[in-house]
Amino acid sequence: MTPRDAPRLTIATIATDTPMGAQAYQEQVASRAASALAAVDPRAWRYRRLVLRSLRSRLDGNRRLPLGRIARASAAQRRAIGRLLYAGDAVAHRMALELPPAPTDVITIHDVVSWRFPDESAPVPAAIEEARRAAAVICVSEFSAREAVELLGIRDPHVVHNGVDTRFFDAAPLDAATRRAHRLPERYVLHAGGATRRKNLEGLAEAWPAVHRERPDLELVLAGPPHPRRTALFDGMPGTRLVGRLPDEVMPGLVAGAEVVVVPSLYEGFGLPALEAMAANVPVVAAATSSLPEVVGDAGILVEPAGAAIATGLLDATAGASLDAMVAAGRARAGEFTWERCAEAHARVWTSLA
């Protein structure tokens, strides 16, 4: 039994019905927090998970707060709410900047897109001040750490790379019946993810006609939540399919069945789709921008984020030449990015503060 006076860690997140990469990180780290604490610290720890939702939300959660009002509140008001919410905690790690800060506050900064790109979610007004006050800031890549230092004025962030879900390692492609159920072709290049400006779908749209002329048997599958930019760019373009957001259980097989996964982004804080493809033994064509070279290394094809260069990369990856060495290197590199390693690095940060 854990002593009542043992230090307590709280991980706080916001419930969502459209989980993306940041939510995958939250779930993977939170589910391993207790075991990671035990692995790195001989002291006993108590652990609790807060899943916050708005007052009228139907989503699963264990606390309700007026999240919109709190996100817009002053820094002083937010600190007062945080003192109540995290009362009794030795350390609290809030994994969404919309949540109020804790007295001993750990935050994660995946990227600074809210400040860099106007079509992303607006930044929390108090976020920069709170990030500078935080006891520790964790960034998911060296690139995102540099951005946090240069743009937000953070000092000495901790770099902890994400992991990759074990379901992607050596995953089997979807069978024919499942492909038909989700309107998937037999041979395809895959782009999976969001459609905001930084995802550079314009570059992919410029590239694809040239690829399709040379590889008419290949289709471009675009998977992700409906978005007007994606629809405007690709709806009706020959050799493309917009399949929407597919169920989570389908994703490893969807990735594994692709001829290539393309990540043409102008900006990524980490680039999980590239890592998932590498784990599934699928070649990656990724833009040589932001964090992507850090994640892909020499185990993929890195290109400039312009249409002609993306097209050349996709044509090279589908030319029929053996890519076995690159795929093997990608699989080995992906094996270095585990959620267990990630969670234990988090635990070392948490325990250093108590």
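Everything numeric here is computed off the predicted structure, so don't read it as measured data. (Residues numbered from 1 in each chain as written. Predicted model: local features only at pLDDT ≥ 70, side-chain atom pairs only at ≥ 80, totals over all residues. Heavy atoms only, no water.)

**Q** Quick rundown of the nonpolar core? Include the residues and the values.
**A** With 39 residues, the main nonpolar core has Leu190, Leu254, Val255, Val261, Phe270, Leu275 and Val284 as its most contacted residues. Listed by contribution, the elements that provide at least two residues to this core are strand E8 (188–192), strand E9 (219–223), helix H10 (251–256), strand E11 (260–263), helix H11 (272–279), strand E12 (284–287) and helix H12 (292–296). The leading source of residues in this core is H11, at 6 residues. Beyond its immediate chain neighbours, meaning those up to four positions away, Val284 contacts Val261, Ala274, Ala277, Met278, Val296, Gly300 and Ile301. By size, the runner-up hydrophobic cluster in this structure holds 26 residues, among which are Trp208, Leu220, Phe234 and Ile310. (Core = buried A, V, L, I, M, F, W, Y, C linked by side-chain atoms within 4.5 Å. Buried < 20%, exposed > 50% of the residue type's maximum accessible area, 1.4 Å probe, protein only. Helix = DSSP H or I, 4+ residues; strand = E, 2+ residues; numbered from the N terminus. Contact = heavy atoms within 4.5 Å.)

**Q** Tell me about the sheet that holds strand E7 (residues 158–159), and please be specific about residues and values.
**A** The 7 strands lie next to each other as E3-E2-E1-E4-E5-E6-E7, forming an open sheet whose pairing is parallel. Unpaired on one side and paired on the other, strand E3 (63–64) and E7 mark the two borders of the sheet. Where strand E2 (residues 46–53) and E3 come together, 2 bridges link them in parallel fashion. Bridging from a neighbouring strand, Arg53 pairs with Arg64 of E3. (Pairing = 2+ DSSP bridges.)

**Q** I'd like to hear about the packing of aromatic side chains, residue by residue, with values.
**A** Overall, the coordinates contain 4 aromatic pairs when judged by the stated rule. With a centroid separation of 6.4 Å and an interplanar angle of 50°, the aromatic rings of Tyr25 and Trp339 are classed as tilted. Taken as a pair, Tyr25 in helix H1 (residues 21–40) and Trp339 in helix H15 (residues 339–353) lie far apart in primary sequence, 314 residues in all. Tyr25 sits in the buried class, given a relative accessible area of 0%. (Phe/Tyr/Trp six-rings, centres within 6.5 Å; stacked < 30°, edge-to-face > 60°.)

**Q** Before we move on, could you go through the pattern of salt bridges and cite the residues and values that matter?
**A** Within the structure shown, the criterion is met by 22 salt bridges. Its salt-bridge partner being Glu27, residue Arg49 comes within 2.7 Å of it at the nearest N-O pair. With Arg49 in strand E2 and Glu27 in helix H1, the pair connects residues that are 22 residues apart, well separated along the chain. Overall, the relative accessible area of 43% leaves Glu27 in the partly exposed class. A salt bridge links Glu268 to Arg198; its shortest N-O distance comes to 3.7 Å. With Glu268 in the loop between E11 and H11 and Arg198 in the loop between E8 and helix H8 (201–214), the pair connects residues that are 70 residues apart, well separated along the chain. Within this structure, Arg78, Arg94, Asp105 and Glu130 form a network of salt bridges that share partners. (Salt bridge = Lys/Arg side-chain N within 4 Å of Asp/Glu carboxyl O.)

**Q** Please set out the packing of H11 against helix H14 (residues 324–334) residue by residue, giving values where relevant.
**A** Axis angle and axis distance: for two packed helices, these are the angle between their axes and the distance between the axes, and together they describe the pair. Interaxial distance between H11 and H14 falls to 7 Å at its minimum, and their mutual angle equals 115°. Here H11 lies roughly perpendicular to H14, going by the angle between them. You can see that H11 and H14 cross each other, and the crossing is left-handed. Taken together, the residues of H14 that come into contact with H11 (itself represented by Leu275, Met278 and Ala279) are Gly330, Arg331, Arg333 and Ala334. Along the lines of polarity and charge, the residues of the contact of H11 with H14 split into 4 nonpolar, 1 polar and 2 charged. (Axes fitted to C-alpha atoms, helices over the stretch in contact; angles between N-to-C directions. Parallel < 35°, antiparallel > 145°, perpendicular 65-115°, else oblique. Left-handed = near helix turned anticlockwise from the far one by under 90°. Nonpolar A, V, L, I, M, F, W, Y, C, P; charged D, E, K, R; others polar.)

**Q** Please give an account of empty space enclosed by the protein that cites residues and values.
**A** Tallied over the entire structure, the rule returns 1 cavity of 30 Å³ or more. When its volume is computed, the largest cavity comes out at roughly 60 Å³. Lining the largest cavity are His191, Ala192, Gly193, Gly194, Lys199, Val262, Val263, Ser265, Glu268 and Pro273. Secondary-structure elements contributing two or more residues to the lining of the largest cavity are E8 and E11. Counted by class, the lining of the largest cavity contains 4 nonpolar, 4 polar and 2 charged residues. (1 Å grid on protein atoms, 1.4 Å probe; cavity = no way out; pocket = protein on both sides within 12 Å on 5 of 7 lines; lining within 4 Å. Points joined across faces, edges and corners; volume = space filled by probe spheres on them.)

**Q** Which residues make up the sheet that holds strand E13 (residues 301–303), and what values do they have?
**A** As summarised here, the arrangement of the 6 strands in space is E10-E9-E8-E11-E12-E13, forming an open sheet in which the pairing is parallel. Sheet topology places strand E10 (240–244) and E13 at the edges, where each strand pairs with a single neighbour. Going across the sheet, the axis of each strand differs from the next one's by a mean of 25°, ignoring polarity. Strand direction decides the pairing type here: E11 and E12, joined by 3 bridges, are parallel.

**Q** Please set out H11 residue by residue, giving values where relevant.
**A** Counting buried positions over the 8 residues of H11 gives 7, a clear majority of the element. Its buried side turned inward, H11 meets H10, E11, E12, H12 and H14. Trailing H11 by a residue or two, Asn281 shows a phi angle of about 65°, which is positive.

**Q** Outline H14, supporting the account with residue identities and numerical values.
**A** Every buried residue of H14 is listed here: Met326, Val327, Gly330 and Ala334. Each buried residue of H14 sits inside an arc of 100° when the element is viewed along its axis, so together they form one side. Exposed residues pointing more than 90 degrees away from the buried face of H14 are listed as Asp324 and Ala325. Buried positions along H14 lie against H11 and E13. (Arc of directions from axis to C-beta.)

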